[in-house]
Structure formats: C-alpha cells, structure tokens
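Next come the chains, spelled out residue by residue.
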Amino acid sequence: MAKLKIKQFVHDNVAADAPFSGKWDADADYTIKWIWFKRKDGKGWTASDCTVHIAKDPITLDKALLSTFGYDPMFGLPINEDLLREQTFEYAGTNREGAPVSFVVELILEKK
C-alpha cells in the first residue's frame, strides 16, 4: 500500500473578493508534507490569502499569501505536521486576484 496520499479540495469560479474554505477530518494518522494551492489556469497567485489550522493549531499567525505554500516539492513550503485520525485540517481565505478564479487545494500526506 502506498504511504503517500493526496487529499484534494476543489474550488470552481470563486468570485473576486469572495471567501472560500474547506475542512477535513482525517481518516487515519498522517503527516502533512505539503499544502499546495494550485490555480487551474496555471497562473501564479498575486494577492489571495488564507488561514490554515491543523488539529485546531494555527500554522498561520494572522494570514498568509497562497503563494507562500508553493505548488510542488521544489517550490513548496515543507509542513511536516502530524494530523491524527479524527483531527481536523481546515483553511479559509479570500480571492484577492481581482477576477474569478478556479483552483484546487492539495494536501500531500504520508500515512503513519
């Protein structure tokens, strides 16, 4: 069985200045390796921001730009935080790109 897992959250056509959010209760014990915010049009993020909580513990003190998290292992911010069974991963942010945007949030997980 593969140790790496990917959990994906899809956000389609989020209006300019509109909020977005997602949450997931872990179904097993994992280590979150990376959190990626990927635009479906392939463009980079300029101004959108978010907050992120892992097991009710904020990893963003206030807010962070989505670009901070990166989009692949070469340019991604390593997270390496545990998310145990039934603990919750959650995020909330605002599209500040000045136009509607579609994107996915991917959790790259390593099963413990």
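For the structure itself, look to the data block above.
All of these numbers come straight from a predicted model, not from anything done at the bench. The numbers attached to residues start from 1 for each chain and follow its sequence in the written order. Restriction of local features to residues with pLDDT of at least 70 applies here, the model being predicted, together with a cutoff of 80 or more for giving and counting side-chain atom pairs; totals for whole chains, interfaces and linings are based on all residues. To obtain the side-chain values, all non-hydrogen atoms of the structure were used and water was disregarded.

Peer 1: Requested: an account of the layout of surface pockets, with residues and values cited.
Peer 2: In this analysis the probe radius is 1.4 Å and the grid spacing 1 Å, with only protein atoms considered; a cavity is a set of points the probe fits into but cannot get out of, a pocket is an open set with protein on both sides within 12 Å along at least five of seven lines, and lining residues have an atom within 4 Å of a point. Grid points are joined across faces, edges and corners, and a volume is the space filled by probe spheres set on the points. The calculated volume of the largest pocket comes to roughly 170 Å³. In terms of lining residues, the largest pocket is bounded by Phe37, Lys38, Arg39, Gly42, Lys43, Gly44, Trp45, Leu66, Ser67, Gly70 and Tyr71. Charged residues are taken to be Asp, Glu, Lys and Arg, nonpolar residues to be Ala, Val, Leu, Ile, Met, Phe, Trp, Tyr, Cys and Pro, and polar residues to be all remaining types, Gly included. A per-class count over the lining of the largest pocket returns 4 nonpolar, 4 polar and 3 charged.

Peer 1: I'd love a proper account of the nonpolar core, names of residues and values included.
Peer 2: Remark: nonpolar core denotes a set of buried residues (Ala, Val, Leu, Ile, Met, Phe, Trp, Tyr, Cys) joined through side-chain atoms within 4.5 Å. Partly exposed residues are those whose accessible area sits between 20% and 50% of the maximum for their type, while under 20% is buried and over 50% is exposed, using a 1.4 Å probe and protein chains only. Counting 27 residues, the largest nonpolar core has Ile32, Ile35, Phe37 and Phe89 as its most contacted members. Put simply, DSSP H or I for four residues or longer makes a helix, DSSP E for two residues or longer makes a strand, and each gets a number counted from the N terminus. Per element, the largest residue contribution to this core is 5 residues, and it comes from strand β9 (residues 101–111). Contacts were defined at the residue level, with two residues in contact if any of their heavy atoms lie within 4.5 Å. Setting aside anything within four residues of it in sequence, one finds Ile32 in contact with Ile54, Ile79, Asn80, Glu81, Leu83, Phe89, Leu107, Ile108 and Leu109.

Peer 1: Before we move on, could you go through the environment of Ser67 and cite the residues and values that matter?
Peer 2: Assignment of secondary structure puts Ser67 in the loop between β6 (64–65) and β7 (81–83). On the basis of relative accessible area, Ser67 is assigned to the partly exposed category, the value being 39%.

Peer 1: Can you tell me about the pattern of salt bridges, naming the residues and giving the values?
Peer 2: A pair is scored as a salt bridge if a Lys or Arg side-chain nitrogen falls within 4 Å of a carboxyl oxygen belonging to Asp or Glu. Inspection of the entire model under this criterion finds 7 salt bridges. Residues Asp41 and Arg39 are paired through a salt bridge, measuring 2.8 Å at the closest nitrogen-oxygen approach. Relative accessible area serves as the criterion here: at 43%, Asp41 is assigned to the partly exposed category. By relative accessible area, Arg39 is classed as buried at 15%. A cluster of three or more residues bridged by salt bridges with shared partners is formed by Arg39, Asp41 and Glu97.

Peer 1: Give me the side chain of Thr94: which residues, what numbers.
Peer 2: Here Thr94 lies in strand β8 (residues 88–94). In contact with Thr94, not counting residues within four places along its chain, are Asp17, Ala18, Pro19, Phe20, Ser48 and Asp49.

Peer 1: Report on the sheet that holds strand β1 (residues 4–14), specifying residues and quantitative values.
Peer 2: Taken in spatial order, the 4 strands make up an open sheet running β1-β9-β3-β7, and their pairing is antiparallel. Two strands close off the open sheet at either side, each with one partner strand: β1 and β7. Each neighbouring strand pair of the sheet contributes to a mean axis angle of 35 degrees, computed without reference to strand direction. Strand pairing follows a simple DSSP-based rule, namely that at least 2 bridges must link the two strands. With 9 bridges joining them, β1 and β9 adopt antiparallel strand pairing. Bridging across to β9, Ile6 finds its partner in Ile108. Angles here are taken between N-to-C directions and fall from 0 to 180 degrees, while the axes themselves are lines fitted to C-alpha atoms, restricted in helices to the stretch in contact.

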